[in-house]
Amino acid sequence: MDKSIDKAVADLGRNIGEYIREQRNSAKISLRELAKQAGVSNPYLSQIERGLRKPSAEILQQIAKGLRISAEVLYVEAGILQQREGGALADAIVAATDLTERQKQVLLDVYESFRRENAAKQQED
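Residues numbered from 1 in each chain as written. Predicted model: local features only at pLDDT ≥ 70, side-chain atom pairs only at ≥ 80, totals over all residues. Heavy atoms only, no water.

**What to know about the pattern of salt bridges**
As a working rule, side chains carrying opposite charge can pair if their charged atoms are close by.
Then, in step 1: Under the defined criterion, the tally for this structure stands at five salt bridges.
Then, in step 2: Taking the shortest distance from any N to any O, the salt bridge between arginine 115 and glutamate 112 comes out at 3.3 Å. Note that arginine 115 and glutamate 112 are positioned in helix α7 (residues 101-124) at a spacing of three residues, about one turn of the helix.
Then, in step 3: Between lysine 121 and glutamate 117 there is a salt bridge; the shortest N-O distance is 3.6 Å. Of the two residues, lysine 121 and glutamate 117 are both situated in helix α7; the distance of four residues between them amounts to about one turn of the helix. (Salt bridge = Lys/Arg side-chain N within 4 Å of Asp/Glu carboxyl O. Helix = DSSP H or I, 4+ residues; strand = E, 2+ residues; numbered from the N terminus.)

**A short note on the side chain of serine 70**
Then, in step 1: Tracing the chain through its elements places serine 70 in the loop between α4 (57-67) and α5 (71-78).
Then, in step 2: Judged by relative accessible area, serine 70 falls into the buried class, the value being 3%.
Then, in step 3: Among the polar contacts made by the side chain of serine 70, one reaches the main-chain amide nitrogen of glutamate 72 at a distance of 3.1 Å.
Then, in step 4: Sequence-distant contacts of serine 70, defined by excluding residues within four places in its chain, comprise Ala64, Val94, Glu101 and Lys104. (Buried < 20%, exposed > 50% of the residue type's maximum accessible area, 1.4 Å probe, protein only. Polar contact = N/O pair within 3.5 Å; in protein donor to acceptor, adjacent residues only side chain to side chain. Contact = heavy atoms within 4.5 Å.)

Rendered as C-alpha cells:
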C-alpha cells in the first residue's frame, strides 16, 4: 500500500480524535463519563482521541449521543460523509444542540427545497 495513503488514513484518525476531544472538553465532560455514555471503555476512547484507533460509524454515533451533537458532524469530520451543501446555515442547523435530530432534518429538508426552487427559477430566467 502507498505510504501517502497510510498517512492520510492515520491523519483522519488523528483528526477525528482531536475533534472528539475538543468537543468533550468544550462540553466539560470527562473522558470516563463520555466513555460510559457512549458504551465504550475508557482506554478505547482515549486511543480514539489520540488517533491510535479509528472508530466505526456505529461507535461515532454512540460518541455523538454522549456529546449531544449530531452524528453527521462526526461522520463529516471522520471523512465518512462529505460536508453537506448549504454552507454555514446547514452547518449551524446540524450543530444546534437545542434541536432534536428530527427537527434538524426537517429544517434541512425545507432549506434544501428552497435552494432547489431558487436554482430552478434562476435557470428559467
